[in-house]
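Given next are the chains, with one letter for each unit.
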Amino acid sequence: MDTPATELCYVVRYGVSRVVGEFSARGFGSLARGTSVIVRSERGHEWGTILSTATEQSRTYLGTSEVHGRIIRLPTPEDEVQRDETIAAEKEAFQGGQQMIRERNLQMQLIDIERVFGGERLIFYYLAEDRVDFRELVKALAKEFHTRIEMRQIGIRDEAKLLADYGDCGQPVCCNTFLREMPPVSMKMAKLQKATLDPSKISGRCGRLKCCLRYEYDTYEEHRRELPPVGATVVTKHGTGRIIGQELLARKLMVAYEGQRQVMTDEKDILTVVSTKSGKSPQSPPAERDDAGDSRESQRNENRPRGDQRTEDQPRGEANHRTGRGPRPGPPRSEGSDGHSGKPDPDRPN
């Protein structure tokens, strides 16, 4: 009796946009990383590359445990010949597509073309600022290439993912290797990491801020929240001084003392924080002040019904009477529709 073949799952990268998905395999044994395979995906037959065996960790990275398809076979010499023919057909289709776009004067820029390895469809990647009516174009392309046509609009970062090769660091661009999503990057991240603000040096192949500016941003932001802010007054073993700079990764602070003396001080040498930049003690939040009861009084006024709030024209003594803290418990006044007293104020001069 034959033993049934064990079904394994692998993480496979396929397609010109380097899509990553989990594929099942039966009867292949163990497949090493980098092995070329022919897979069946929802788009058709694809040429793929094995990245790893599917595990719970890889499924967490992919964000799904759904199987994208099945590994059909290992490539044959005929498949390699067909792959070369597919690449040549893509170049020919790109030129033909550009010509048809120019003839119809469509406001779109053709970026790349992908012909699925099995020939089931031809995908056109393009850039456009506005919505483009390409129905007539699709009909002409389908008539010319005798296959299913798919038009896919992409962004400027997706263009780099399709066409870019190496970054300024000398490594293959991140968007074309391991990044599955490209989160937004802001100039705030560059300033916090004290990177140069020269756009030509912090921009990637797509012309936007480099994705790598986001990699360490969370660590910088965590250190910034934990360290005393710039402008705070602190006490160290050297005396009392004011913080004028931060070295976030090293967790050190530049402290200026009297006499223009500046010392780079480690975080552990900060004995206490006397005040923040605004000059208020961090141990005494404004909402807890008891000097005149202003903070608590304003909070109580916000919680009262609007008609019961004290206006500027009302004497403070009666407002204190409502809270039980006033020096004179006078009789309550009857208020008019405008919220002011209907009787003359005995405390106000005529």
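Treat the numbers as computed from the prediction; the structure is a model and nothing was measured.

Peer 1: Residues and numbers for the overall build of the protein chain, please.
Peer 2: Of regular secondary structure, the protein chain possesses 9 helices and 13 strands. Relative to its full complement of 350 residues, the protein chain shows a buried share of 35%. By element, 48% of the accessible surface of the protein chain is carried by carbon and sulfur atoms, the whole surface being about 22,500 Å².

Peer 1: Residue-level account of the sheet that holds strand S3 (residues 36–41), with values.
Peer 2: Spatial strand order, S1-S2-S5-S3-S4: 5 strands in a closed barrel with mixed pairing. Recorded for the sheet is a direction-independent mean angle of 55° between the axes of neighbouring strands. Sheet topology note: the strand S2 (residues 19–26)/strand S5 (residues 67–73) ladder contains 3 bridges and is parallel. What sits directly across from serine 24, in S5, is arginine 70.

Peer 1: Give a description of the sheet that holds strand S12 (residues 261–266) that names residues and reports values.
Peer 2: Read from one edge of the open sheet, 5 strands run S12-S11-S10-S9-S13, paired in antiparallel fashion. Either end of the sheet is taken by a strand with one partner, and the two such strands are S12 and strand S13 (270–275). Taken over all neighbouring pairs, the strand axes of this sheet differ in orientation by 40° on average, direction set aside.

Peer 1: Give a description of the pattern of salt bridges that names residues and reports values.
Peer 2: The tally for this structure, following the rule as stated, stands at 19 salt bridges. With a shortest N-O distance of 2.7 Å, aspartate 165 and arginine 205 are connected by a salt bridge. Of this pair, aspartate 165 sits in the loop between helix H4 (156–163) and helix H5 (187–192) while arginine 205 sits in the loop between helix H6 (199–202) and helix H7 (217–226); the two residues are 40 residues apart in sequence, bridging distant segments of the chain. Residue aspartate 165 is classed as partly exposed on the basis of its relative accessible area, which comes to 42%. Note that glutamate 267 is salt-bridged to arginine 251, the shortest N-O span being 2.8 Å. A residue pair is termed long-range when its members are at least 10 positions apart, and glutamate 267 in the loop between S12 and S13 and arginine 251 in the loop between strand S10 (239–247) and strand S11 (252–257) qualify at 16 residues.

Rules behind the numbers
Residues numbered from 1 in each chain as written. Predicted model: local features only at pLDDT ≥ 70, side-chain atom pairs only at ≥ 80, totals over all residues. Heavy atoms only, no water. Helix = DSSP H or I, 4+ residues; strand = E, 2+ residues; numbered from the N terminus. Buried < 20%, exposed > 50% of the residue type's maximum accessible area, 1.4 Å probe, protein only. Areas by Shrake-Rupley, 256 points an atom, 1.4 Å probe, with all protein chains shown as cover. Pairing = 2+ DSSP bridges. Axes fitted to C-alpha atoms, helices over the stretch in contact; angles between N-to-C directions. Salt bridge = Lys/Arg side-chain N within 4 Å of Asp/Glu carboxyl O.

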